[in-house]
Structures are given as structure tokens and as C-alpha cells.
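# A look at the structure
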Amino acid sequence: MNLAGRLTVSAFMHDPITMGGVLMMIVLGLGVVGALFYFKRWRWLWREWLTALDPKKIGVMYLGLASFMLLRGVADVMMIRVQQATSVGASHGIVSTDTFQQVFSAHGTIMIFFVAMGFMFGLINLIVPLQIGARDVAFPFLNSVSFWLYASGLALINLSLVIGSFSPAGWLAYPPLSELAYSPGVGVDYWIWSLQIAGLGSLLSGINFTVTILRMRAVGMSLMKMPIFVWSVLCAMALVIFAFPILTATLAMLALDRTLGMHFFTATGGGNPMMYVNLIWSWGHPEVYILMLPAFGIYSEIVATFARKRLFGYKSMVFALGAITVLSFIVWLHHFFTMGAGADVNAFFGIMTGVIAIPTGVKVFNWLFTMYRGRIKFATPMYWFLGFVFTFTIGGMTGVLMSVPAIDFQVHNTLFLVAHFHNMIIGGVLFGYFAGFSYWFPKMFGFKLNERLGRYAFWCWFVGFLVAFMPLYILGLMGATRRLDHYDASMGWQWLFIVAGVGVAIICAGIGFQLLQLAVSIWKRKANQDLTGDPWNGRTLEWSVASPAPVYNFAVLPVVSERDPFWEAKEANQAYGLAKYSDIVMPKNSGMGLIIAGFAFIFGFAVVWHIWWLVALALLGVIVSIVVRASDDDTEAIIPAAEVQRLEAAARARRQTA
Amino acid sequence: MSVVRAVAPPDNDKTLFGFWVYLMTDCVFFASLFATYAVLHTSTFGGPGSAQLFDLPPVLAETFILLTSSFTAGLAMLAAHRGNKHQVLGWLMVTFVLGAAFLGLELKEFHHLATTGNSWRRSGFLSAFFTLVGTHGLHISVGLVWMGVLMTKVWRSGLTAVNLKRLTLVSLFWHFLDIIWIFIFTMVYLMGSLS
Amino acid sequence: MKLRGPAAAIAVITVVILAAAVTVLHMGGAVILNPKGMVADQERTLLIVATGLSLLVIIPVFIMTLVITWRYRETNTKATYQPNWDRSRTAETIWWLIPTALILALSIITWQSSHSLDPAKALASSTPPITVQVIALDWKWLFIYPDQHVASVNMVQFPEGTPVHFVITSDAPMNSFWIPALGGQIYAMPGMSTQLNLMANTTGDFKGSSANISGVGFASMRFVARSSSQLAFEQWVAAAKASGNALTQASYDQLAKPSSNNAVKVYTLTDRSLYDRTVMKYMMPLPQSSELGSYGSTQ
């Protein structure tokens, strides 16, 4: 038996551009490790962060990793844009076809699973317990396992850059191309296992937050008094619960095909590749809404706060969220009208897709009427919201166009489609998370982000987005299909690809401004301090506590009687009262989540490379760690009432200096 | 019984509810495999189909063993609510042995199929069969490990509130697997043999 | 009324860039908007109608956004401020109804066009259709004319004004068969046959490609769809028959091996069952072809 499986020295050999990426990663990694040694921060890192069970800290770690992956995803974009702008006629661009295909597959996978999902779970962790008036999530340890599984998947996908290669089969790896017969290397296996591990984390988070929202709300907060963001998360988590098991099963079957020679999705042997396409989109379409719904929730919170008015049509909004949740499960076939399912089937799924536009349209009208007769303050989060209204409506329109099967036949798999979903995911999802990030940033760190630089970042993103994607719409109508590493000069496409590249450069400037904004805001944090805990004149419970929020969130668990409880309390001059404090029980930190996910990472790596003894060892490690953790009965610590008293008094003093 | 309820920790409700939610996700997972099996059960690629391969009597035996184990798991829970530690351990042991016997019979069937040229590599149908039934078997194995660990815990620290919670969860899990098996028995074996 | 503020700037930028995009589209390079075939023509009309319908909602939304954000800006203290006004049954009913009406109209269009433009539906024409069997290979297209007894690689020719009935499969990973000037695409899948009916209104060379990634050579899976006069088509068939290249199982197996940027080549067809066998070999083990499962490790 070969102890190293199929791992050989050649796995470390790459073309120059990939080598550059590898070197950058290694330098960055060494830099971080070096800094930790230099500043003697290892113990701090372990105690304060790596073992943290506090959802606010886990949220910050999600956001940190997601931001890092955003940079990686954007680096991939730059390569795609340069390649497509230069690989014309006699020139074949800057990278080989194989590398190019790995790059766009990695780009899609990373942006959805590790950027969008990371931002989403980060914000959910930070805000949901605070908004429902809870001190924690339902299962704090499970939450840490979820996060570390996400981190493991993320580590595995980055490792594919260094050892071996990534999947060249697109972000959803359609078989039979992704089967062993056509993709014999380790790339698809890396894709499968990084998603499988991260996806398991998402599934556990879905369970966790469903229970948190349904079982841990403040006294008096009935379902119809929940903040709308919490509603949007509840709907998204319901989608996670029903959709992610399908992903787990589908990935498992593809893995069984590839590792044990089964015939689920193989072209021959009785396999059925079309079944994969159906299964993956039964997960994939709900996934779109898993990302989208929380962003809708964020926009709703922001509009109400900055218009200083109650959210208009709350019940309509909740009903619309519910309708979208249900409908998102019966539209999956619109991703492959071109499979030849027949007119009746195509028409049904086309009409259902159109129907989703109804509740979505209602939400837009409700946002507009929230601002109507309000007093709108244009802080950075509102800029993202307004940008969203314009880009998302355009994306919605092109989506409605593609819901008509006969139109879809002409634009499916073209850059028109690529432009459409970027319209939804950048203009809809990402803008929403950026808005939420700057909105809730003070709650995380106790100071606001620099407004001016935030606006610069927004303008670059907004203009860059239009400049980058309008040409793609045009290219799609010119017959340019997606994922081309090369095309003929006679097509007349090149100048539009160059314009799109300029758009990406403008977006990069936006990212530069965001990094600068973060740096300047940290540098001048004293000037932007949020002493009150309520920097935006907020409406919901998260603004009733100090910024940054204390570890226990609420010294005294709130009792709620209104929909915007903090706003109402302020109106009635009862926002801040004195209270008698008692001991608070909080979970103790635990490194076991990190350890379990570490074994999962080793497991993933070993399966990819067929190192079977290590697979067995890693599995054993997972099982033993779970049993050890389950046997640990000493998992809680007490924060004495006196300590709570001290922290709350300090917060009150800070508020009074403001 | 009311006494037991009174000492249960306040987050019992959360855990139990969370476990139900987990079971639902597992249901969706199995539903995906069932759907796959339904699509692939005729994709034999020239190989044998379910009517030629499945032998009902041993599967009926498996079914009875698993149903009985579900019953004994229920008896263990009743004993737990009465606070009778030895009965709990006894019934858990019976359940464990029955579960192991079920798993043994299943592995025997797998072994027979694989050694007679009908492994999961043979066809889409057999891939779906091995995966669906094997995933259930894997769940049974997890249940056995869980039960084993729990037996040592109950033996050492008795019927504490935490152990009672764990017992409730493991018995829920076991009944759930029983229900899944009924579906497998009906859809895979019964309908397969009759077709 | 003067409008300023971020929403106005956002709107101006959006409108300028959209206008630029529309201008570029008017320059004429967009093949989907300048169709040369009956199906593509109807699909373009559909695209324009649906766009118009959507604009009925989108333009009012844009204008409302502009007006509301300007009028109710923080500094405009003259505007009404009603912080607790959060519902209006009339208003909400109206905006449930507006998109519903729009989607209802669109649904009717969707239902009708899905049937009238079903790719498998034969086109109404007085001219009898010709059948072309298409096999997507790694990484080229093979066109088989079972009735004319010829075949060709990376080029398909047919007479103008004649319905062409494409029957499509793949002897490679999934591809998508697409001639945008003539009409929408359809997947080419191993072990499956899909159908596509197209008809060119004029003569000319149209560009065809695979719209679905199928491996490293996928970008080079381009072909020419040549619509010619009936006479030119017959001459082309005759030339193919006289070419001396015979498409047999053996020469097919040779052709099916992975290669890219293949030159156009014509064949005379000796074996009419080639297409059916290619589909069937994925469904059943064929005699003497034990290597089917181990294909493709040459990459």
C-alpha cells in the first residue's frame, strides 16, 4: 500500500501564475504567524478567539475569513478579465486553458460558499441573538463547530492551490464532465470535500438558528413582533434545513461515483447525469434565496432606521418572505430549460419563476413607502440600499426575461446570464451585506466606520459594477457564451471585454477604499466612538445595549411589547432604567470545535488524495473528540452579579459623557 | 414521572426541539436518496434487477429484529422514567444486541451481493441500492456507538437529568431509523420483489 | 422640481450607462437582436415584449425612488413626517395587484410561447424538413445526414427556407448546441436524444458553438451553419459523397478521440445506424466494447 495515496511531488508543481498565488499565500501565512510570535499574541488568540463560543466573536471571525476570501475571489476575477480581454485570435492570453477553468470554478465556488455564506452567517451570529433579546444561541458549542467546519472547508479549497489542483468543471461541477472518466485528477475531489465540510457547518447552523429564533426570543416577542431581519433569517434557515441535506446527499453520491466506482451520475453504467443537475439545483435555487433573504432583512432594518419611521407593511413583508421561501423550492428547473423537458414542464417552471417576482416587487414598494413621509438620513448604509434598488431592479428585469423559456433558449449559458446573476448577487446580496456591515459595525467594535471613505467605496462599487456587467449583457446578446478561454477576433467582442475589465478595476478601487476605510477608522477610532450604544437612533433591541455589546448581551433579559421595542422605549423615555442584577450563566470557552473541524479537514485532505489510513485516523479523531466533549459536564461559567453591575455602570457612565 | 420532569434542566426543551429539527434534515437527506433510488431502480445496465436479487425471508427477519429493538428501546425509556437503572441497562443491552444482529444480517447480504458479481459498481440501480440501504446501516452503527457510550455513562453516573435527556434523544433516533427502515423495506424490497 | 441627493446621482449614472449599452446594441453586433431565422425572430420579439412589460413597473419604481428620497430627505423639514404611519390596506393591495397583473400577462406569454416555440415541435412550412443528426464530440461537432448519406465535421449546411430537424446527442460530456442567428440552444447529452427545429430565412454563414463547458477544448467547439440555395446544398452533398472519406464505425472511433480546432471535413455515410448506436452504447453494454467505462484518461 502506498502511504501517500496518489500524492506525489508533481502535486507541488504549478505554472508561474499559480506559483505567484501560492507564494503570496505562504508569505501572508508566515507574516501572520510571525506577527503572532513577535507580539506574543498566541495565548490571546487561543483564549479570546479560537476557543470562543460567544456568537459575537464567532460572527467577527466569519466576517474576517469571508473578507479574506473576497480578496481571493476578486484576484480570480482579475485573472478571468485579463484572460478574456487578451486571449483573442493568435494570442492565448496569460494562463493555460486548464488553469483558466480552475480559476473560474474557484471564483464561483469561493464567492458563494465562502464569501456570501460567510458574510451571512457572520452577521446572523452578531445580530440575531441581540435582536431577539437573548444572551446566546441555542447551542453555543455546535455554533463553534459550524464555524470551524466552514473554516476547514475554506482551508481545504485554499490548499488546492498549493497541493494539486482545483476542479476545472465549473462551480456546480456538472457530470459527466466532473466524473472520473473526464476529470481524473484531484480537482473535483477538492471541490466536493471543501463544500461537503463547509456545507455540513451551514446545515448545523441552520438547525441552531432555527431553534434559537423559535425558542429563545424575549418574553413578549411573538412571531409577528420579531424584527424583520430575524424573520428573514428564520426563512433563510428554513431553506437551509430543507435544501442543504440535498446538497450533502448529492455531493456524497458524486464522491461515491469518483472514489468507489458507483454509477449515480456517470454517462454510462446506468448512471443519470440529468438527475445530478436536478438535485444540485433543488439545493441551488433555494441557496440563492438563503443568501438573498437576510439581505432583504438588512435593507428593511436600514430603511426603517434611516427614514426614522416604522417599516411599512410589516405583515406584507413577512408574507412576502414566506411566499418567496416556499416558491424557491418549485423553480429549480428554470436553470436548465434547455434540457428538453417539454413545453408543459418548462412553462410551469417559467410561470412559477415569474410568480416569485410578485412578493419581491411588493417588498420594493414597501421599502419605498417606508421612506415616504419619513426623515431620511443618507448615511453609508442608505447608499448601499439605494444602489441596490437600482441594480437589483435591473437584475430582476433580466431575470424575468429569462423566466420565459423561449427567451432563455437564446441567452442561457451566455454572458447575459452571467451578468444577470451577478446583478442579483452583487447588487442584491453583497450590497446588502456591506450595508449591514457598516450599519452594525459600531455594535461589534464600539466605533463607527469613516463615512466619507465608505461613500467613496460605494461609488466605486456601484459604477464599477455597471461598467463591468453592462458589457456582459451586450456580449451575451452578441452570442458570447460563458467560460470561454479564447475566441476569434472576428467576433468583435474584445473591446467589450476590455470595458468589463475597466469595470473590475473600478470595483477593485472600491475594495481599496473599503480597506482604507477600515484602517482609517481603526486609526481614528477615538473620534468615531459610539458611547451611547445607539449611534443611528435605532429601533430594535441590539441598540439598547452598550457598544461593543457585553459578553452576556443583556444584563437583564428584556421584556417586549412592541414591534420596535427600543424605539418605543425611547419615545416613552424608558429606554435606560436601573435594574437589579443577578448572576449570569454563560458557556465556557472550548477548543473542541476547532479540534473536531481540524480532524474534518484532515479527513477531507486524506480522502482527496486517497490516503486511506489517514482517513480512518481522522474519522476516529472526530468520533473520539465528540465523545470527549459530550462527556464534559463542566461547560458553564458564572459571571457574578457584582461584575455585571460594574460593567453596566461603566457603560452608563460612558453614555452620559456622550 | 413528574418528579423526573421537575429535575430536567431548563434547556431540555431546546435540545429536544433541536433534535427534532435535525431528524427532519436527516429525513430530507434520506428523501434525496429515496428519490435517487426511484429514478435509478430500473437502470440496471443489462445487469440483474431487484426481482432477481432480493430474497425476502432474510429481509423480513431483519425487519422483525429492528422492530423488536425499537420496542425494547421503548421499554428502556419506560424503565428510565420509573428510575430503574438496572432495567434501563438491561433493555439497552437487548436493543444493542438486536441492532448489531440487524447490522450483521445486512452486511451478510451486502457481502453476498458483492461476491456474486453484483457490487455497487455493477449498475446505477445497485449503486443506489447500496447507498440507500448502506446509509441506513451507517446510521444504525452510529446509534450503536451512541448507545454503547450511553450505557457506560448510565452505569457510572446513574439516571441523572443529563443522561435522561441523552436517553430520550437516542431512543428518538432509534425510532426514526425504524421508520426509515419501514420505507426501505416497502420501497426497495417488497415492491422490488413483487415487480 | 429639482432633484438631487444620492438617489439622483445613482439614477443619472444608471441611465447614462444603460443608454450607452442600448446604443452599442443598436450598432448591430448583437446577433440575437438581428436574427436570420424564423425561430430566432420570434424569440427576439418575445424578448422585446417582455422587456417592455417589465419596464412598466421598473420605470415607475425608479421615479418613485427619486422623488421620495428627495422629498423626504432629513433636511427638508417642510415635508410631512409621520413616523408611526406603517400600513395602508389600499396602498398595499395596489402593489400586490400591479406585479400580479404584470406576471399574469407574462404567464400567458410564457405558456403560449413555451408551446409554440417548443424546440421539439416541427416548424410549419410547405417545404419538407431535412433531418440532421448531431453528435457532440471532444471537441468538435459531427453532423450526420441520414437521408442524404453524408456527414460533416464542424460545418452544417442546409437550404434556406427549409425546416431543419436536428436530433442531438453527445459522445462526450454534456454540451449545448447553439446557432444564435437561427434560434435557441438545446443540450447535447450522452445516452439521450434532444431535438431542435430551426429554419433560416436567408442564405449566409452563421456561427454555431457549444454553450456548455465540456472540457479543455470546449472554447474551440465552433462550427459554421451555412444556409445556401437548394442547388448549392445539393452540390455540397454530392461533393461530400465524392470526397472519398467514408464515415464508418472505425473512422468514427478515430474521430471521437479528443482533439480540438478540427478543420471542416466531409464524409460519405456508409452506416446509417451510427447515431443510434452512439446513443445506445451509454444505455446498455454493447458487445465487444468493454472499454466504454474507461474512456477519457488521455487528457
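Just so it is clear, the structure is predicted and the values come from calculations on it, not from any experiment.

About the criteria used
Residues numbered from 1 in each chain as written. Chains lettered and ligands numbered in written order. Predicted model: local features only at pLDDT ≥ 70, side-chain atom pairs only at ≥ 80, totals over all residues. Heavy atoms only, no water. Helix = DSSP H or I, 4+ residues; strand = E, 2+ residues; numbered from the N terminus. Buried < 20%, exposed > 50% of the residue type's maximum accessible area, 1.4 Å probe, protein only. Contact = heavy atoms within 4.5 Å. Areas by Shrake-Rupley, 256 points an atom, 1.4 Å probe, with all protein chains shown as cover. Lys, Arg positive; Asp, Glu negative; His and termini not counted. Charge placed at Lys NZ, Arg CZ, Asp CG, Glu CD. Buried area = accessible area lost by both parts, 1.4 Å probe. Salt bridge = Lys/Arg side-chain N within 4 Å of Asp/Glu carboxyl O. Polar contact = N/O pair within 3.5 Å; in protein donor to acceptor, adjacent residues only side chain to side chain. Nonpolar A, V, L, I, M, F, W, Y, C, P; charged D, E, K, R; others polar. Expected span 1.5 Å × (residues − 1). Bend = angle between axes of the 7 residues up to and from the residue. Core = buried A, V, L, I, M, F, W, Y, C linked by side-chain atoms within 4.5 Å. Domains from an automatic or database assignment. Phe/Tyr/Trp six-rings, centres within 6.5 Å; stacked < 30°, edge-to-face > 60°. Pairing = 2+ DSSP bridges. Axes fitted to C-alpha atoms, helices over the stretch in contact; angles between N-to-C directions. 1 Å grid on protein atoms, 1.4 Å probe; cavity = no way out; pocket = protein on both sides within 12 Å on 5 of 7 lines; lining within 4 Å. Points joined across faces, edges and corners; volume = space filled by probe spheres on them.

### Section: the overall build of chain B
A count of helical and extended segments in chain B gives seven helices and zero strands. Along the chain direction, N to C, the helices and strands of chain B fall in the order α-α-α-α-α-α-α. Here the C-alpha coordinates of chain B stretch approximately 60 × 30 × 25 Å along the principal axes. In chain B, buried positions account for 50% of the 195 residues. Here the contacts in chain B between residues at least 6 apart in sequence split such that 83% fall between residues at least 24 apart. Here chain B displays about 8,700 Å² of accessible surface, and carbon together with sulfur accounts for 72% of that area. Here chain B contributes 11 positive and 8 negative side-chain charges, whose respective centroids are spaced 12 Å apart.

### Quick word on the interface of chain B and chain A
It is common to give the size of an interface as the accessible area that goes away when the parts come together. With 29 residues of chain B at the contact, the number on the chain A side is 31 residues. When the two sides are added together, the surface that chain B and chain A hide from each other amounts to roughly 2,600 Å², 73% of it contributed by carbon and sulfur. Applying the counting rule to chain B against chain A returns two salt bridges. The salt bridge partner of R215 of chain A is D13 of chain B, with a shortest N-O separation of 3.0 Å. Here chain B is connected to chain A by seven residue pairs in polar contact (both at pLDDT 80 or more). Classifying every residue of the side of chain B that touches chain A gives 13 nonpolar, ten polar and six charged.

### Details of helix α7 (residues 161–194) of chain B
In a regular helix each residue adds 1.5 Å, so 34 residues correspond to 50 Å; α7 of chain B covers 48 Å between its end C-alpha atoms and thus fits that length. Remark: the principal bend of α7 of chain B, roughly 30 degrees, maps to F185 of chain B.

### Brief notes about the nonpolar core
The nonpolar side chains of a soluble globular protein tend to be buried, and buried together. Residues W283, W367 and F385 of chain A, F129 and Y189 of chain B together with F166 and F177 of chain C are the most contacted members of the largest nonpolar core, which totals 377 residues. Counting residues domain by domain, this core receives three or more from each of domain 1 (6–75 + 89–116) and domain 2 (130–291) of chain C. Sequence-distant contacts of W367 of chain A, defined by excluding residues within four places in its chain, comprise F296, Y299, S300, V303, L311, M317, F385 and F388 of chain A. Core analysis: the second largest hydrophobic core is formed by 16 residues, L142, L247, L274 and Y275 of chain C among them.

### With respect to the packing of aromatic side chains
What the rule picks out here adds up to 95 aromatic pairs over all chains. With 5.8 Å between their ring centres and 75 degrees between their planes, Y383 of chain A and F458 of chain A make a pair best called edge-to-face. Taken as a pair, Y383 of chain A in helix α11 (residues 380–402) and F458 of chain A in helix α14 (residues 451–477) lie far apart in primary sequence, 75 residues in all. Each member of the pair, Y383 of chain A together with F458 of chain A, is buried. These aromatic residues form a ring-pair network of at least three members: Y37, F54, F102, F110, W120, F125, F129, F130, W181 and Y189 of chain B.

### Some points on the environment of G83 of chain B
All names here are of chain B. Mapped onto the secondary structure, G83 falls in the loop between α4 (56–82) and α5 (85–115). Of the residues examined, G83 reaches a relative accessible area of 48% and is grouped as partly exposed. Separated by 75 residues in the primary sequence, G83 and G158 place their C-alpha atoms 9.1 Å from one another.

### Focus: the sheet that holds strand β10 (residues 223–228) of chain C
Residue and element names in this part refer to chain C. Spatially, five strands are ordered β4-β10-β9-β6-β7 in an open sheet, and the strand pairing comes out mixed. Of all the strands in the sheet, the pair left with one neighbour each is β4 (155–159) and β7 (183–188). Across the sheet, the axes of successive neighbouring strands diverge by a mean angle of 20 degrees, strand direction being ignored. Pairing of β4 with β10, which is carried by five bridges, proceeds in the parallel orientation. Bridging across to β10, V156 finds its partner in A225.

### Regarding the interface of chain A and chain C
Across the contact, 100 residues belong to chain A and 99 residues belong to chain C. At the boundary of chain A with chain C, total buried surface from both sides reaches about 9,100 Å², with 72% on carbon and sulfur atoms. The largest contributions to the chain A side of the interface with chain C come from R375, F390 and Q410 of chain A, which together make up 9% of the buried area. The interface formed by chain A and chain C includes three salt bridges. For R308 of chain A, the salt bridge identified is with E74 of chain C, shortest N-O distance 2.5 Å. Inspection of the region where chain A meets chain C yields 26 residue pairs in polar contact (both at pLDDT 80 or more).

### What about the domain arrangement of chain C?
Residue and element names in this part refer to chain C. What the domain assignment lists for chain C is domain 1 (6–75 + 89–116) and domain 2 (130–291). Each partner contributes to the interface: domain 1 provides nine residues, whereas domain 2 provides 13 residues. For the pairing of domain 1 and domain 2, the buried interface totals around 780 Å² over both sides, and the portion due to carbon and sulfur atoms is 63%. For the pair domain 1 and domain 2, the interface holds zero salt bridges. Our count for the domain 1 to domain 2 interface comes out at six residue pairs in polar contact (both at pLDDT 80 or more). Residue classes in the side of domain 1 that touches domain 2 are distributed as six nonpolar, one polar and two charged.

### A few points about empty space enclosed by the protein
All names here are of chain A. Considering all chains together, one arrives at four cavities of 30 Å³ or more under this definition. In this structure, the second largest cavity spans a volume of roughly 130 Å³. Residue lining of the second largest cavity: 14 residues in total, with I228, A304, L311, Y314 and D564 positioned closest to the centre. Of the residues contributing to the lining of the second largest cavity, the split by class is six nonpolar, two polar and six charged.

### Notes on the side chain of N212 of chain C
If you trace the backbone, N212 of chain C turns up in the loop between β9 (204–210) and β10. The class of N212 of chain C is buried, set by a relative accessible area of 5%. A polar contact of 2.9 Å, which involves the side chain of N212 of chain C, links it to the side chain of N413 of chain A. If we skip the residues at most four places from it in the chain, N212 of chain C touches N413 of chain A together with M174, N175, S176, Y187 and F218 of chain C.

### A few points about the pattern of salt bridges
Under the defined criterion, the tally for this structure stands at 20 salt bridges over all chains. Across the pair D534 of chain A and K570 of chain A runs a salt bridge whose closest N-O atoms are separated by 2.7 Å. With D534 of chain A in the loop between α15 (494–523) and α16 (565–571) and K570 of chain A in helix α16, this pair connects stretches of sequence that are 36 residues apart. Of the two residues, D534 of chain A and K570 of chain A, both sit in the buried class. Between R272 of chain C and D147 of chain C there is a salt bridge whose closest N-O contact spans 3.5 Å. One end of the pair, R272 of chain C, is in the loop between β12 (265–269) and α6 (274–280); the other, D147 of chain C, is in the loop between β2 (140–145) and β3 (150–153), with 125 residues separating them in the sequence. When its relative accessible area of 48% is taken as the criterion, D147 of chain C is described as partly exposed.

### Quick word on the environment of D86 of chain C
Positionally, D86 of chain C belongs in the loop between α2 (38–71) and α3 (89–116). C-alpha separation for the pair D86 of chain C and W70 of chain C, spaced 16 residues apart in sequence, amounts to 20 Å.

### Topic: the sheet that holds β2 of chain C
Residues and elements named next belong to chain C. Pairing within the open sheet is mixed, and its seven strands lie in the order β8-β5-β1-β2-β3-β12-β11. The open sheet is flanked by β8 (194–198) and β11 (246–247), the only strands paired with a single partner. Strand direction decides the pairing type here: β3 and β12, joined by four bridges, are antiparallel. From the neighbouring strand, A151 faces β12, where its bridge partner is Y267. Together, β1 (130–137), β2, β3 and β12 form the strand contacts of helix α4 (residues 230–241), whose direction differs from that of β12 by roughly 75 degrees.

### A closer look at the side chain of H136 of chain B
All names here are of chain B. Checked against the element boundaries, H136 lands in helix α6 (residues 124–157). We classify H136 as buried; its relative accessible area is 0%. A distance of 2.9 Å separates a polar side-chain atom of H136 from the backbone oxygen of L177. Contact partners of H136, with chain neighbours within four places excluded, come to F30, L66, F102, E106, L177, I180, W181 and I184.

### Some remarks on the pairing of strand β1 (residues 584–587) of chain A
Side-chain direction in a regular strand flips from residue to residue, so the side chains alternate between the two faces of the sheet. Residues and elements named next belong to chain A. Only one face of β1 is buried: it carries I584 and M586, and the other face, with V585 and P587, is open. Pairing of β1 with strand β2 (residues 636–639) involves four bridges; the strand directions are antiparallel. Residue pairing for β2: V585 is matched across the bridge by I638.

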